Amino acid sequence: EDKVVQSPLSLVVHEGDTVTLNCSYEVTNFRSLLWYKQEKKAPTFLFMLTSSGIEKKSGRLSSILDKKELFSILNITATQTGDSAIYLCAVGGSNYKLTFGKGTLLTVNP
Amino acid sequence: DGGITQSPKYLFRKEGQNVTLSCEQNLNHDAMYWYRQDPGQGLRLIYYSQIVNDFQKGDIAEGYSVSREKKESFPLTVTSAQKNPTAFYLCASSIVAGSNYGYTFGSGTRLTVV
């Protein structure tokens, strides 16, 4: 059975801090790893990673995948209160579906 | 604009009643999915459909039923057999099943049993 583990489950920081969110996985025939941000309702897509060592960046957010060690990290630099959300990691394997982790609840205090 | 519409946003159900959650997409996606989200549990797959007139059980299908009579629509019925239905329900779609490009999500329905 495919498995995705995120850590930490929750995190409280101050504005301006840098945070690193972790995602490890066990999946048959790995195809892709995705990061989503969920503020109140619908998760919104952040990154899709398929190859090791290639960093994806979008503004203050970046992510990288290590397919040998089976993990990914999501970095957020100079955090803002608007970054407060649940960050979801999901992995696609050989079957039809994405398997999600439990998410990391990030709270950024002013 | 293309997207997924879930309705209603909030739903209250009495114990013993069946309720149906609506999910409609105009993205021309073949695959559709229903997830349940509980605090601290992440997203768990209830049912999915790869094409019209076909659907399969996910990891937590007991107490739920679905239909896929049209490509655009994938309603979820929460039956009285579901022991703990209070949760946030998310519908999603993808171009094809297992698409590497991930899912587009609806805004969710929050179901509360009273």
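As the structure is a prediction and not an experimental result, all values here were calculated from the model.

A few points about the overall build of chain B
Item 1. Tallying secondary structure elements over chain B gives zero helices and 11 strands in all.
Item 2. Reading the helices (α) and strands (β) of chain B from amino to carboxyl end gives β-β-β-β-β-β-β-β-β-β-β.
Item 3. Over its C-alpha atoms chain B spans a radius of gyration of 13 Å, differing by no more than 12% from the 13 Å that the globule rule assigns to 114 residues.
Item 4. Principal-axis analysis of the C-alpha atoms places the extent of chain B at approximately 35 × 25 × 25 Å.
Item 5. Here chain B, with 114 residues, has 49% of them falling under the buried criterion.
Item 6. Considering only residue pairs separated by 6 or more positions, chain B has 54% of its internal contacts joining residues 24 or more positions apart.
Item 7. Total accessible area on chain B is roughly 5,400 Å²; 47% of this is exposed by carbon and sulfur atoms.
Item 8. Here chain B holds 11 positive side-chain charges and 10 negative ones, and the gap between their average locations is 7 Å.

Digging into the interface of chain A and chain B
Item 1. Between chain A and chain B, the contact holds 19 residues from the first and 26 residues from the second.
Item 2. Counting each side, the surface lost to burial between chain A and chain B is near 1,800 Å², with a carbon and sulfur contribution of 55%.
Item 3. One can count four residue pairs in polar contact (both at pLDDT 80 or more) joining chain A with chain B.
Item 4. Broken down by secondary-structure element, the contributors of at least two residues to the side of chain A that touches chain B are β4 (32–38) and β10 (98–100) of chain A.
Item 5. When residues in the side of chain A that touches chain B are grouped by element, the largest group, four residues, is from β4 of chain A.
Item 6. Across the side of chain A that touches chain B, the residue classes tally to nine nonpolar, five polar and five charged.

Thoughts on the pattern of salt bridges
Residues and elements named next belong to chain B.
Item 1. Taken as a whole and judged by the stated rule, the model has five salt bridges over all chains.
Item 2. Residue Asp38 pairs with Arg36 through a salt bridge whose shortest N-O separation is 2.8 Å.
Item 3. In this structure Asp38 comes out as buried when scored by relative accessible area, which is 13%.
Item 4. Of the charged contacts in the structure, one is a salt bridge between Asp38 and Arg44, with a shortest N-O distance of 2.8 Å.
Item 5. A residue is classified by how much of its surface remains accessible, and Arg44, at 29% relative accessible area, is partly exposed.
Item 6. The network of salt bridges with common partners includes Arg36, Asp38 and Arg44.

How each quantity is defined
Residues numbered from 1 in each chain as written. Chains lettered and ligands numbered in written order. Predicted model: local features only at pLDDT ≥ 70, side-chain atom pairs only at ≥ 80, totals over all residues. Heavy atoms only, no water. Helix = DSSP H or I, 4+ residues; strand = E, 2+ residues; numbered from the N terminus. Rg over C-alpha atoms; globule rule 2.2 N^0.38 Å. Buried < 20%, exposed > 50% of the residue type's maximum accessible area, 1.4 Å probe, protein only. Contact = heavy atoms within 4.5 Å. Areas by Shrake-Rupley, 256 points an atom, 1.4 Å probe, with all protein chains shown as cover. Lys, Arg positive; Asp, Glu negative; His and termini not counted. Charge placed at Lys NZ, Arg CZ, Asp CG, Glu CD. Buried area = accessible area lost by both parts, 1.4 Å probe. Polar contact = N/O pair within 3.5 Å; in protein donor to acceptor, adjacent residues only side chain to side chain. Nonpolar A, V, L, I, M, F, W, Y, C, P; charged D, E, K, R; others polar. Salt bridge = Lys/Arg side-chain N within 4 Å of Asp/Glu carboxyl O.

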